Every structure is written in C-alpha cells, then in structure tokens.
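Listed below are the residues making up each chain.
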Amino acid sequence: MRLTLTGSDFCAMIIGGSMAIAIEKQQINDLNVFPVPDGDTGTNMTLTMNAGMTEIGKKNPGTVGQAAEVTASALLRGARGNSGVILSLLFRGISKGLKDVTEADAKTFAQSMVDGVEAAYKAVMKPAEGTMLTVSRVASAAALEFAAKERDIELMFEHTIAVGYEALAQTIDQNPVLKKAGVVDAGGKGYLYILEGMLRALRGEEIAAQDTSTAAENDAADFAAINPEDITFTYCTEFIIQRENQKDAMRLQGFLDGIGDSLVVVDDETLIKVHVHTDDPGRALTESLAYGSLTGIKIENMREQHAAETARQGGAPTEAEEDRHIIAPPEKAQGIVVVSAGAGLASVFTDLGVDKIITGGQTMNPCTDEIVRAIDAVPAETVYVFPNNKNIILAAQQAVPLASKQVVIIPTHTIPQGVSALLSFDPTAEVAENLAAMEAAASGVKTAQITYAARDSDFDGHQITEGQYLALFDNAILSHADEFDITLADTITAIEQHTPEFITVFYGEDVDETTAAKCAETIQARIPSAEITVLDGGQPVYYFMISVE
C-alpha cells in the first residue's frame, strides 16, 4: 500500500508517462479522423511530455510540489498543438493544487487532478464533449471519489484509469465525427496512456515498447529501414548525471547492464556520463535520478537514427542555438511574428515587414516556448503573432503571459489569411486600430488548399482513401479523388461561388513552375473576371494554397 507521493515518485511518474505516450505515439496519430497530413495528436502530446521529462532530469526537484511546478512550467513552454496545450493545462492545475506540498496523499493528489481539469476547461473557449477534456474530467472526478474512501494511491490510479477508459469508450457516441469513423478520441486515449505510464513507473514496472517501429520517430525525415535482426535493443539512450551524492556508479552500471547493452558509464566523481542501448529508457532514467540530476538527455530509436542524422546534416539548428533566448530591447513600437513553412512564403512575409518567422505548421506545430523566444527576439514594444494554422492558435495564446513584450494574437487559420491581414498592417496606427483592421482583413479571405490524404478515413460523408488528392475549403473537406484534375475542378467550383476579385495561388515544394502556371490558367479560364497571381510558396505537404478575396 502506498499512502503518499514524494518528489522522486512524481519525477519517475513524469518519465514513465512520457515514455508511455512516446511508445504509443503512432497509434494515437492513427486515431486522428481528419485525414490531412498535419501535426497529429500523438506527436504533439509526445513532444509536450518530453519537455517535462527533460526538465525533470535537469532539476531533480525535491518535493512533490516542486516536481509538479517544474513539470507544469516545462509542459507549458513545450506545448505543441491543441492537444499539447490542453495536456499542459491539466498539469498546470495539478501544480497549483500541489503548491508547497512536500508529500501528497491520495486525496490531495486527486483534488489537484480536478484542479487541472478546471484549468483546462477555463482556457478552452468552446470546450467540446467527447474529447480529452471529457476523459480527464470523468477520470479526475473518479479519483477524488475514490480518495474520499480509500488511501492507497496506486489503487486510486487503477480506478481512475479504469473509469477513464469507460469515458473514452463513450466519446464515440458523444462526438458525431468519431461515431462516423468508429474510433475513440485520440487525445483522450493519449491522456490515459500517460496515466498508465505514471502508474507503472510508480510501481517500478518496466515501460517497454510493444511495437518499437512506432516509437520515437523523427517527424522531419523519411525513415531509412534498418534490419531488425541487427538491433538487440531499440533505444540509444544518452545522458549526464550531475552527481549529488557518492553512491557507487558501479551499482548503476550493473543495473543498466541488466536492461541493455553497448553500455558505457564514465564516472569522474562530479559527473556520470551514460550511454546504453535499451528497450526501457524510462527505467534507466528513473534509476539514475538516485545519483543526481540529469542533463543532456537524448533518446533515439536506432531504426531511424540514419534519417535523423541526415536531417541534422540538412541544416537543423544546433542545441546551442536552440538554447539561446534573446530579449531584444525595443527599437520600435510594433513588430510581427508569423508561423510559416517554405522559402517562398518566407520571402513573402519578409517583404511584408515580418520580424521573425517561426518554421512550423502542417507537419510540425511549434511549441509555446518557440513562440515566446521569437516574440522576445523582436525589437518592439508590442508584437503581433500570426499562427496561420488553427492548431497553433491555442499554443500562441499560452505564450502571451510568458513573453516579455506586449503580445497581440491575430487568430489566422491559414497562410492566405495571414498574408491578407499583414497587408492591412499600419506601423503608425494604434494597436487597437491595427487589430481591428487585420482581423477584418483575415475574415474576408477564403482559403482553398490541395494536399493528399494521410490515412483512410470516413469523414463528414467522404469515404477517403490514403494517398488520394484532397481539397479543403476553409479547412473543411471539399473533395477527394485519385486524379488531380478532378480535385482541382471541384476546388474551382467552390471558388466560383464566392465571385472573387483576387486569387493568389501559392504552389508548394513538390510542384514545378510549369504545373503551377497550368493550374492558374485553368482557374483563369473558369473565372475570367478574377485577377490571378501565382507565387512560389515552397510550402511542404500542400501542393497548392489558394487565397480567394
């Protein structure tokens, strides 16, 4: 029977929860009903939890209140996508509930979970049922009810998870889209995987991959296949222990040798450097916390290391560059940050006077901390932020209280909305005047996008097959077909209904100039009255993004 949670327990639980969601990341991604190849729930939740695990390793907090505070702060800054932000809010509420608590009993921890749910519901403007919010609310209420009668924390977690799965099963009927697809909510399932990982870590159980091919994949690269027979253990795990005691490193070496191979443990009295190949990185990290705080944590799936190395050689920022946080002194009244991807679009935004461009959207949503750093690096008193993607807006909003500047979020859902809004920006106008003008400009833009289906899906009356061309209109599915010409024709039909005066065609990195010109000609033939502009956006994933005004 476990009656209290210590700071060390909570640290181990965060590592366990992080490893559990990482292992099941692709399964969670596959539950996403919307077939567009966008930043998926499993990826966003995994990266968000990984931020907490990394910070826990660096600081090794003592009390459960301190551990919860470190975790909440890290998750908030590392939150990606709506699911990641909601997850961070759940842990922020837990942190507030455990403030100044040295060790938490079942009732205290259960109440903190309820506090987390309340924080998440307050932050989401239009909370919907049949989502992660629902699952967390029902599960947390069950935890509090159980803790009122029983004191065993492990049993409380068991009961919480069991009730959570009952609530998860009901999300199919609560959400019409999920019911049509016959799946449960992805965020809700991810949340329960995290709770399961936390419980298993609390019990000292191994958290090993059930399907290692889906764990810890590199989202920015095409993965090179490695012969499974050549790999005994899946994860290459490296970290440094900042010694806080004189425990014998040989004992740690013996432990790690029992759960992996390719082991190197270097002890120089103040630091312990560890390299090990293992199927259970979480267990390795948890055991190592007994020797001191952890830094430089790196966990890679060796099936994908070659692709990760190729991506790094392609110009990804170094660790030192990522760690820099510059707060630029104000040199002007107003500045601009946008989220965008593609060299052509970067040039467009630069020409429009943008100060900082965050590479993101589509396949990778930037975290809150990336947005904060970009805001702080702008030499202005007030900074406008254009998310240009509906799944980034919530993360951008969380950056507002964290940044050192006054921040104004322009809630643009697409790149064309962002471009149009920026055309209305007047650096000499007051903030309120600019806000009104830019929001009005963005609302007057319709956006058509042509991409491909990332998965089979039965969505909103569309029976979609993976790999088909997929047309969206204002982020709603418009058309899908095996032939591009059919998808383009359907897109033009939708555009025609709005009798546009101006049409701007941004073509992506997988489209050449000749093909883009032919596309524009086809649009012009159908809508001769519109003025059409063709620009090389260079954006990934989306073959065409079309602004309709």
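Please refer to the structure higher up on the page.
So, here's what we can say about the structure. (Residues numbered from 1 in each chain as written. Predicted model: local features only at pLDDT ≥ 70, side-chain atom pairs only at ≥ 80, totals over all residues. Heavy atoms only, no water.)

**What to know about the overall build of the chain**
- From N to C terminus, the chain includes 21 helices and 18 strands.
- Classification of the 549 residues of the chain by burial places 54% in the buried group.
- Residue pairs in contact within the chain that sit at least 24 positions apart in sequence constitute 73% of those at least 6 positions apart.
- Of the roughly 23100 Å² of accessible surface on the chain, a fraction of 49% belongs to carbon and sulfur atoms. (Helix = DSSP H or I, 4+ residues; strand = E, 2+ residues; numbered from the N terminus. Buried < 20%, exposed > 50% of the residue type's maximum accessible area, 1.4 Å probe, protein only. Contact = heavy atoms within 4.5 Å. Areas by Shrake-Rupley, 256 points an atom, 1.4 Å probe, with all protein chains shown as cover.)

**Describing the pattern of salt bridges**
- Under the definition given, this model contains 12 salt bridges.
- As a salt-bridge pair, E55 and K59 come within 3.3 Å of each other at their nearest N and O atoms. You can see E55 and its partner K59 sitting in helix 3 (residues 41-59), 4 residues apart, about one turn around the helix.
- One continuous salt-bridge network, built from bridges that share partners, spans R2, D9, E154, E158 and R203. (Salt bridge = Lys/Arg side-chain N within 4 Å of Asp/Glu carboxyl O.)

**Brief notes about helix 3**
- An ideal rise of 1.5 Å per residue puts 27 Å on 19 residues; helix 3 measures up with 28 Å between its terminal C-alpha atoms.
- Following helix 3 by one or two positions, N60 adopts a phi angle in the positive range, close to 45°. (Expected span 1.5 Å × (residues − 1).)

**Side note on the packing of aromatic side chains**
- As enumerated under the stated definition, the model contains 7 aromatic pairs in all.
- Summarising the aromatic geometry, the rings of Y469 and F484 are spaced 5.6 Å apart at their centres and angled 70° between planes, so their arrangement reads as edge-to-face. Highlighted residues: Y469 in strand 14 (residues 469-473) and F484 in helix 20 (residues 484-496), separated in sequence by 15 residues.
- Given the relative accessible area of 26%, Y469 is considered partly exposed.
- By the ring-pair criterion, three or more aromatic residues cluster together here, those being Y452, Y469, F484, Y543 and F544.
- Geometry around Y291 places K247 over its ring, the cationic atom sitting 6.0 Å from the centre. (Phe/Tyr/Trp six-rings, centres within 6.5 Å; stacked < 30°, edge-to-face > 60°. Lys NZ or Arg CZ within 6 Å of the ring centre and 35° of its normal.)

**Structural notes on the pairing of strand 18 (residues 544-548)**
- Within strand 18, 5 of the 5 residues are buried, which leaves it mostly tucked inside the rest of the structure.
- Residues F544, I546 and V548 line one face of strand 18 and the alternating positions M545 and S547 line the opposite face, and both faces are buried.
- Strand direction decides the pairing type here: strand 11 (residues 446-452) and strand 18, joined by 5 bridges, are antiparallel. Residue pairing across strands places I450 opposite F544, the latter belonging to strand 18.
- Inspection of the sheet shows strand 16 (residues 502-507) paired to strand 18 by 5 bridges, in the antiparallel sense. When the sheet's bridge partners are listed, F506 is paired in strand 18 with M545. (Pairing = 2+ DSSP bridges.)

**Thoughts on the sheet that holds strand 17 (residues 531-536)**
- As summarised here, the arrangement of the 6 strands in space is 15-14-11-18-16-17, forming an open sheet in which the pairing is mixed. Whereas interior strands pair on both sides, the edge strands pair on one side only; in this sheet they are strand 15 (476-481) and strand 17. Strand after strand, the sheet turns through a mean of 15° between neighbouring axes, direction not considered.
- Sheet analysis places strand 11 next to strand 14, joined by 5 bridges and oriented antiparallel. Bridging across to strand 14, Y452 finds its partner in Y469.
- Contacts between helix 15 (residues 343-351) and the sheet are confined to strand 16, strand 17 and strand 18, with strand 17 contributing the most and set at about 115° to the helix.
- Along the sheet, helix 20 contacts strand 11, strand 14, strand 15, strand 16 and strand 18; its crossing angle with strand 15, the most-contacted strand, is approximately 145°. (Axes fitted to C-alpha atoms, helices over the stretch in contact; angles between N-to-C directions.)

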